[in-house]
Amino acid sequence: MRGIVTRIALGGALCIAVGGAWSQPKLKIGFMLPYTGTYAALGTAIENGFRLRVEEAGGKLAGREIEYVKVDDESDPSKATDNINRLLSRDQVDVVVGTVHSGVAMAMAKVVRESKALLIVPNAGADAVTGAMCAPNIFRSSFSNWQPAYAMGQVAAERKHKTAVTITWKYAAGDESVGGFKEAFEKGGGKVVKELTLAFPNVEFQALLTEIAATRPDIVYAFFAGGGAVKFVKDYAGAGLNKSIPLYGPGFLTDGTLDAQGEAAQGMLTTLHYADSLNTPRDNAFRLAYAKTFKLQPDVYAVQGYDAAQLLVAGMTAVKGDITKRDEMIAAMEKTKVDSPRGAFTLGKSHNPVQDIYLRKVEGKENKVIGVAVKALADPGRGCRM
Ligand code: BEZ
């Protein structure tokens, strides 16, 4: 047998004999993320975070080497089904990590729930992914669109604001973010008086800013992220609106964007499951390792990528790398308490994090934590039957 490489199925696990020693083949992980367009930086941060955690595990998961396959999904839902099918059928990946855009994630979930592969969503908040489309093999390491939005609605009502105009891109993430905000804000006595939208990823905001100025609400609630968030926050300040109408939003409005937003973002309040100044030993260690490795400061997207890998580590460790023990692996992932830089979290029944949502304030180049807006917030998982 020496020098000969053979692949045989052993007890359900495919093993390779190399020079007489048995080892399992490489674990194939497909990154389906945006590497171009308005969400490009988010995709890169997620991949960086994921790779960092794998490197911390010695570059292997439960003894298995990793092979990565990458697809740029361009945040384009019309290409999503082909892209995910290519990863599953042509590349035969074991695990898919993706994606950022809710519309793309829903197309991925539809395909993956009918397959044997595992999907870990490291950002896209589409409520349905851990709601009506939930499935045993779909996990999320990030948030649902409802979570930070609901928390901000509650904060805005507690601060006695009475009227709000909302503004966002017209797609699932924007609609659901506005829905979550409105639910809590109106429950607390506020009223959303106008809902403004524009097509994703359009950034021609001027006409809508003029409409906001004419409506004169107490506050504006906005969902934008990535390059679009940079432009919106700058345009909002450029129009002078930040002087008279406070701009609120989920933390995506100011996360990973402060270098580019500069003065325009100062003092803004947002809600999110991460902040730059948590100052816990766990987060400090993560931030140091990330900064050393990538020469960049981490953001929420990096944390979500890192935690996607942490979920996978938990599952792979439980089955000693034998991913064919699918039920056992899923059970371990469901039970794990993720030691996240954001603070430890568990997963709810529909596989979405149950987590604290922080209230943050922009100071200089940091989203500083000024409190916990809602403790251990669980997504309602509406429509999930598992
Ligand atoms: C989404 O499409 O779900 C999304 C994109 C960027 C940031 C947050 C959510």
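Residues numbered from 1 in each chain as written. Predicted model: local features only at pLDDT ≥ 70, side-chain atom pairs only at ≥ 80, totals over all residues. Heavy atoms only, no water.

Here the focus is empty space enclosed by the protein. Considering all chains together, one arrives at two cavities of 30 Å³ or more under this definition. There is about 80 Å³ of room inside the largest cavity. As for the largest cavity, its lining consists of 15 residues, of which V100, N123, F143, Y171 and F223 are closest to the centre. Estimates place the volume of the second largest cavity at around 30 Å³. Lining the second largest cavity are V233, Y236, A237, N242, L247, A264 and M268. In terms of residues, the lining of the second largest cavity owes the most to one element, helix α7 (residues 226-238), which gives three residues. When grouped by side-chain class, the residues that make up the lining of the second largest cavity number six nonpolar, one polar and no charged. (1 Å grid on protein atoms, 1.4 Å probe; cavity = no way out; pocket = protein on both sides within 12 Å on 5 of 7 lines; lining within 4 Å. Points joined across faces, edges and corners; volume = space filled by probe spheres on them. Helix = DSSP H or I, 4+ residues; strand = E, 2+ residues; numbered from the N terminus. Nonpolar A, V, L, I, M, F, W, Y, C, P; charged D, E, K, R; others polar.)

Judged by nonpolar contacts, the single largest core of 77 residues is most densely connected at F224, F232 and L312. Considering every element that reaches this core, the biggest residue donor is helix α10 (residues 300-318), with 11 residues. Among residues more than four places away in sequence, those in contact with F224 are I167, T168, W169, L198, F205, A229, F232, F252 and L253. I84, V104, V111 and A124 belong to the second largest nonpolar core, which has 25 residues in total. (Core = buried A, V, L, I, M, F, W, Y, C linked by side-chain atoms within 4.5 Å. Buried < 20%, exposed > 50% of the residue type's maximum accessible area, 1.4 Å probe, protein only. Contact = heavy atoms within 4.5 Å.)

What follows is about the pattern of salt bridges. A complete count under the given rule lists 19 salt bridges for this structure. For K368, the salt bridge identified is with E363, shortest N-O distance 3.8 Å. A salt bridge links E366 to K368, with the shortest nitrogen-to-oxygen separation between them at 3.7 Å. On the accessibility criterion, K368 (30% relative accessible area) is partly exposed. Each of E47, R51 and K70 takes part in one network of salt bridges that share partners. (Salt bridge = Lys/Arg side-chain N within 4 Å of Asp/Glu carboxyl O.)

So, about the pairing of strand β10 (residues 163-169). For β10, the tally of buried residues reaches six of seven residues, placing the bulk of the element in the interior. Pairing analysis gives seven bridges linking β10 to strand β11 (residues 191-198), with the strands arranged parallel. Bridged to V165 within β11 is K194. Between the parallel pair β10 and β11, the chain is carried across by helix α5 (residues 172-187), and the sense of this crossover is right-handed. (Pairing = 2+ DSSP bridges. Right-handed = clockwise from strand over helix to strand, strands pointing away.)

Below, the discussion takes up the pairing of strand β14 (residues 269-272). The two faces of β14 match: L269 and T271 on one face and T270 and L272 on the other face are all buried. Where strand β13 (residues 247-250) lies against β14, three bridges are found, and the strand directions are parallel. Within β14, the residue paired with P250 across the bridge is T271. Relative to strand β16 (residues 353-363), β14 is paired through four bridges, and the arrangement is antiparallel. Bridged to T271 within β16 is L359.

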